[in-house]
Amino acid sequence: MGLIEVKDVSYSYQGKYQTIEAVKNVTCSFDEGAFYAIVGHSGSGKTTLLSLLAGLDLPTSGEIYVDGSAMSALNRDRYRLKTASVVYQSFNLFPLLTALENVTYPMQLQGRSKAEAEAVAKQLIAEVGLGEKIWRRRPLMMSGGEQQRVAIARARAAGGKIMLADEPTGNLDAKNGNMITNQLKLLAHERGYAVIVVTHNEELAKQADAVYMMQDGQLTTLAKEGQHESDA
Ligand SMILES: Nc1ncnc2c1ncn2[C@@H]1O[C@H](COP(=O)(O)OP(=O)(O)O)[C@@H](O)[C@H]1O
Ligand SMILES: [Mg+2]
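For clarity, every value in this text was computed on a predicted model and none was experimentally measured. (Residues numbered from 1 in each chain as written. Chains lettered and ligands numbered in written order. Predicted model: local features only at pLDDT ≥ 70, side-chain atom pairs only at ≥ 80, totals over all residues. Heavy atoms only, no water.)

Caption draft 1: Expanded view of the layout of surface pockets. Here the largest pocket defines a volume of roughly 410 Å³. Arg80, Ala84, Ser85, Val86 and Arg154 are the residues nearest the centre of the largest pocket, which is lined by 19 residues in total. Listing elements by their share of the lining of the largest pocket, those giving two or more residues are α2 (76-82), β6 (84-88), α3 (99-109) and α5 (144-157). With five residues, β6 is the largest single contributor of residues to the lining of the largest pocket. Each residue belonging to the lining of the largest pocket can be placed in one class, and the counts come to 15 nonpolar, two polar and two charged. (1 Å grid on protein atoms, 1.4 Å probe; cavity = no way out; pocket = protein on both sides within 12 Å on 5 of 7 lines; lining within 4 Å. Points joined across faces, edges and corners; volume = space filled by probe spheres on them. Helix = DSSP H or I, 4+ residues; strand = E, 2+ residues; numbered from the N terminus. Nonpolar A, V, L, I, M, F, W, Y, C, P; charged D, E, K, R; others polar.)

As structure tokens, this is what we get:
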């Protein structure tokens, strides 16, 4: 059984005039130590599925199991704080906090001492290949690639083993995009994370252990060697 089991999950947005079925009867499973890509056209439901995996919302029907526990029965605030982290296209660092403060923040929320949190944060920042120079810098003074690496370090700070990313290379050039791809792959293969990435980036999808395609709310598996569509 996978770390995450998605069982016949659907999700609808209830608008004033219409209901949009964004995710339709999706069943799939994600293992620890594996790197997954989800590709598909814009509007096909990728972000919605990721939000469900992140526990930001519950399925309209069906269930997601994490380590055997039903998401609907979990404390989802705690799940988001301790188990699953999300990295976004727009980096989403706290603009007024330095790199070190950004990475320290989730640990302080968990009640760890400042000194301890800072020591761990420095280690996590080093592991994404950034040096001391970045510690006191705010996001505005960092490149996109640096911001995204700090965002990955911050996502790890919470300590969970589920890493979700929505177009993490979407705002980066090829070189920085590849660097982020490699970081995410390393998390899966060397640190045992389940890494699930929504992407238009062909390079990233090529590196994944498995590629899923979202099409009009439905998820299919693409053969690893196969071609996939992209609207990038
Ligand atoms: N907050 C929302 N309210 C209503 N409809 C939404 C909302 N977010 C997304 N949708 C719709 O749900 C469908 C899937 O969207 P989304 O999951 O964002 O797709 P993707 O990430 O693949 O572009 C689209 O038809 C989109 O318009
Ligand atoms: Mg999206």
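Structure's up, so let's keep going.
Caption draft 2: Helix α4 (residues 114-127), seen in detail. Here α4 contains 14 residues, and its C-alpha end-to-end distance of 20 Å stays within 8% of the 20 Å for a straight helix at 1.5 Å per residue. Taken as a whole, α4 has its buried residues at Ala117, Ala121, Leu124 and Ile125. Buried residues of α4 fall within an arc of 100 degrees about the axis and therefore sit on the same side. Close packing links the buried residues of α4 with α3 and α5. Looking one or two residues beyond α4, the residue adopting positive phi is glycine 129, at roughly 85 degrees. (Expected span 1.5 Å × (residues − 1). Buried < 20%, exposed > 50% of the residue type's maximum accessible area, 1.4 Å probe, protein only. Arc of directions from axis to C-beta. Contact = heavy atoms within 4.5 Å.)

Caption draft 3: Region of the structure containing the site of ligand 1. For ligand 1, the full set of nearby residues is Tyr13, Ile20, Ala22, His41, Ser42, Gly43, Ser44, Gly45, Lys46, Thr47 and Thr48. Between tyrosine 13 and ligand 1, the recorded distance is 3.5 Å, taken from a side-chain N or O atom to a nitrogen atom. At a separation of 2.8 Å, an oxygen atom of ligand 1 approaches a polar side-chain atom of threonine 47. Protein coverage of the free-state accessible area of ligand 1, which is 560 Å², stands at 59%. Broken down by secondary-structure element, the contributors of at least two residues to the shell around ligand 1 are β2 (19-30) and α1 (46-53). Broken down by element, the shell around ligand 1 gets its largest block of residues, three residues, from α1. Here the shell around ligand 1 is built from residues that sort into three nonpolar, seven polar and one charged. (Near = heavy atom within 4 Å. Polar contact = N/O pair within 3.5 Å; in protein donor to acceptor, adjacent residues only side chain to side chain. Areas by Shrake-Rupley, 256 points an atom, 1.4 Å probe, with all protein chains shown as cover.)

Caption draft 4: Just empty space enclosed by the protein, in detail. Per the stated rule, a full pass over the model turns up one cavity of 30 Å³ or more. Along the walls of the largest cavity sit Glu127, Val128, Ile152, Arg156, Gln183, Leu186, Leu187 and Arg191, which together make up its complete lining. Of all the elements in the fold, those that place two or more residues in the lining of the largest cavity are α5 and α6 (174-191). For the lining of the largest cavity, the element with the highest residue contribution is α6, accounting for four residues. The class makeup of the residues in the lining of the largest cavity is four nonpolar, one polar and three charged.

Caption draft 5: Quick look at the packing of α3 against α4. Where α3 contacts α4, the two axes come as close as 8 Å, and the packing angle between them is 125 degrees. When the interaxial angle is binned, α3 and α4 end up oblique. You can see that α3 and α4 cross each other, and the crossing is right-handed. The segment α3 lies against α4, with Ala99, Leu100, Val103, Thr104, Met107 and Gln108 engaging Lys114, Ala117, Glu118, Val120, Ala121, Lys122, Leu124 and Ile125. (Axes fitted to C-alpha atoms, helices over the stretch in contact; angles between N-to-C directions. Parallel < 35°, antiparallel > 145°, perpendicular 65-115°, else oblique. Left-handed = near helix turned anticlockwise from the far one by under 90°.)

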